[in-house]
Structure formats: structure tokens, C-alpha cells
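# Fold and contact review
If you want the building blocks of each chain, they are given just below.
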Amino acid sequence: MHVLVTGGAGYVGSVVADALLKAGHAVTVLDNLQQGHREAVPKEAQFIESDYCSSKDLDSAFRQSGFDAVMHMAAETIVEYSTTDPRRYFHTNVVGGINLLDTMLRHKVNRIVFSSSAAVYGEPLTAPIEEDHPKNPINSYGLTKLMFEQILQWYGRAYGLKHISLRYFNAAGATEHLGEQHNPETHLIPNVLRAALTGTPVSVFGTDYPTRDGSCIRDYVHVIDIARAHVLALQRVDDLKAGGYNLGNGQGYSVLEVIQAARDVTGIDIPVRLRPRREGDPAVLVASSSRARSELGWNPRYPKLEPIIESAWQWMRTHRTTFTGPI
Ligand code: UFG
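Structural notes, computed from the coordinates. Within any chain, residue numbers begin from 1 and follow the written order of that chain's sequence. Local features are withheld for residues below a pLDDT of 70 in this predicted model, meaning they are given only at 70 or higher, and side-chain atom pairs are given and counted only at 80 or more; totals for whole chains, interfaces and linings count all residues. No hydrogens and no water enter the side-chain calculation; it runs on all heavy atoms of the structure.

### A few points about the site of the ligand
- Around the ligand sit 22 residues in total, of which Ser117, His187, Ser203, Arg218 and Asp281 are the nearest.
- Between the ligand and Thr77 there is a distance of 2.9 Å, counted from an oxygen atom to a backbone nitrogen or oxygen.
- Contact between the ligand and Leu188: an oxygen atom at 2.8 Å from a main-chain N or O atom of the residue.
- In these tables, accessible area is a Shrake-Rupley quantity obtained with a 1.4 Å probe, and a residue counts as shielded only by the protein chains included in the view. Considered on its own, the ligand offers 690 Å² of accessible surface; in the complex 94% of this is hidden by protein.
- Elements supplying a minimum of two residues to the shell around the ligand: helix H6 (188-198) and strand E8 (202-205).
- Every helix listed is a DSSP run of H or I at least four residues long, and every strand listed is a run of E at least two residues long, numbered separately from the N terminus. Element by element, the count of residues in the shell around the ligand is highest for E8, at three residues.
- When residues are grouped by polarity, Ala, Val, Leu, Ile, Met, Phe, Trp, Tyr, Cys and Pro land in nonpolar, Asp, Glu, Lys and Arg in charged, and all others, Gly among them, in polar. Here the shell around the ligand is composed, by residue class, of 12 nonpolar, seven polar and three charged.
- For the purposes of this description, domain bounds are those given by an automatic or database domain assignment. Residues lining the shell around the ligand come from more than one domain, with at least three contributed by each of domain 1 (2-172 + 221-247) and domain 2 (188-218 + 250-318). Any residue with a non-hydrogen atom lying within 4 Å of a molecule or strand is treated as near it. Counting of polar contacts relies on pairs of N or O atoms within 3.5 Å, with two restrictions inside protein: one atom must be capable of donating a hydrogen and the other of accepting it, and residues adjacent in sequence are counted only when both atoms are side-chain atoms.

Following this line, the structure appears as C-alpha cells:
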């Protein structure tokens, strides 16, 4: 298939684009480079520097290229900012998303795999979280992901759009060539590893959560495994009915445990600074991914935390100068 990957110059998007190419698909990446990097787009992919919120740009991309499917990964993604500037999230993630769907319909492209998030669930009532768990997002980022999933359901029902939403828990790790490089970086593992490289303490946001050591618990999933789930979802999008699939390893690690694991991996005594809670963070997010395993045939290759951190560490060390500059 010829797949349009929105956000394919970003962290997860570039690894997905690479996996699609390796699986024999043709790939066009559309990215505005707000967070993405031109050099992260695989050489074999076509690249369009553009914003999916512009219907004019989208129309011309669809007219030229004849896509069979879309992987929609571009979005505003930082949870904390979504609590202070929700407008940007609704405009980009919801209004822009509808623009993308309408362009797809106009050009008779009826398959989409959507990057959704654990943030759709809000503060969980049970752990691990199953897909039918109540959805009460506690930040506007999670709400925009949930709204777009619901819009997909309606577009499926009314217009025959085939869709799968993959709810990532915490994407982490790197391939040999592609890794995480946001500006600003807000995610835990790259921040912990940067502290290992620079000696500047990593912040621990909140030590008074109702968890075993007071810090937040998350389910970290290797970006390579996330990318493999996308390739499987594309194979199955025409016949699966469920809509949403969790992608996680079913094992939660606290912020302090992640830091300790990173100390073990790097051999460096990473300094920490204890800080107040960050707004919008649920205490615990751990996935049950049994639906993805049974229906998509997804079987994570890197379910353990240490190899995930190790791969991120290898990547960060080979891109050292990017991470040792001003913070
Ligand atoms: N954290 C720190 N220090 C840091 C960075 C993070 O203590 O420097 C803590 C956070 O407060 C949180 C945990 O580490 O408790 C994980 O935070 P991340 O920012 O790494 O990731 P999130 O849990 O916020 O991830 C969420 C959703 C994902 C979503 C992602 C998008 O769970 O589904 O935000 O940014 F995709």
C-alpha cells in the first residue's frame, strides 16, 4: 500500500515510517517540522513539509500521490501544556483531524490508523486498564484523542471509513538510527538520560501520589514494538471492528524506579531534584494489551524496561552533542 504518515518526521512517526518501508509499503511523510526532524524521515520515503490542518496542502498531497491508507500521528502531544493552552489542542488535534478525514473522503481513501493515547482513560479505576474501561480524561490532550476516536466511530458508521486507534502507553527507547529528540523535552526517560550525560539533576514531579514510593507509575513500551503494531493494524484495518487497542507491557514502573534502572544501565549515579506534581498527570497508567495480542497478533519483543532504556542510552550517546547543549 501507499501510506501517508502524518507526523512521520517525529519520534514515533519516523520509526513507524521506517517499519512500513521495511514491510514493503510505499511511504509519504507529511510533517510541519514543529517537533519533527527532516533527517529522521527515511530516505526511501517521499517528504512533504506541510501542516495537516491546511486543507489546500492536504488536497494537493492527496491529488498527487494516490494514497491507500493514512497513519495519523501528527498532533499536539504535551500533556502539561494542554492544561494551560487547550485551544491549540482542540484546533490541531480535533479541527485539523476532521480536516484530514474530510480530505480522505473527498479522495476516496478509507483506511486510517490513528495514534491515540492512554490519556483517554484519565485516572484509572482498575489496573491494568482494559479498552472498555470508562474514559474520563483529566487533561485536554486526552480529551482531544478521545474526541477524535469517537469521530472515527461516526465516520466509520456513516461513511464506511475503516479505522483502528492505537492507544499508546509510554513510548520509549530507540532504534539504531532513530530516537527521541523533542524541544523542549518533557518525557521522563530522555530527561533522565540527559541528566546522566550532563550531571544536571532530573526533576521528579511529585512524590506524594498514592503509589508504592509516591511517584507516578507508567507502562513503558518500546517504540519498535509500537511501530510493529502499526504494521499489523494496517494489515487488519479492513476487517477488525473493535476500534481501540491498548499498547503497553502490563508492567508499571514508578518514576523513581525508572531512574534507578537508568543508573543500573548507565553506571552513572544520576542526580535528582524532587519537585511538586506536574499538572495533568494521573498517578498510575498500566495497560492490559490482551486485545492487541489476540486480535492484531501483537507480541512485544522488548517488554522489559532495561533494554528499552539501554536502546535510548545508546542512541543518545551517539547523538551526544544534541543533548549536552543548553537545557
Ligand atoms: N516526569 C518526571 N520528570 C521529568 C519528566 C517526567 O518526573 O523530567 C514524570 C511525569 O510527571 C510522569 C512520568 O514521569 O509522572 C511520565 O511522564 P512523561 O512525560 O514521560 O509521559 P506521560 O505519562 O506524561 O505520557 C503521556 C501519556 C502518553 C502520551 C504522552 C504524550 O501517557 O500516552 O503523554 O506526551 F502519549
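### Looking at the packing of aromatic side chains
- Aromatic pairing here means that ring centres of Phe, Tyr or Trp (its six-membered ring) are within 6.5 Å. Orientation follows from the plane angle: under 30 degrees is stacked, over 60 is edge-to-face, and everything else is tilted. According to the stated counting rule, one finds four aromatic pairs in the structure shown.
- Throughout this description, the term charge over a ring refers to an Arg CZ or Lys NZ atom that lies within 6 Å of the ring centre and within 35 degrees of the ring normal. Stacked on the ring of Trp154, the Lys or Arg Arg157 has its end atom at 4.2 Å from the ring centre.
- Looking at Arg291, its charged tip hangs above the ring of Tyr245, at a distance of 5.9 Å from the centre.

What is shown is where atoms sit, not what they do.
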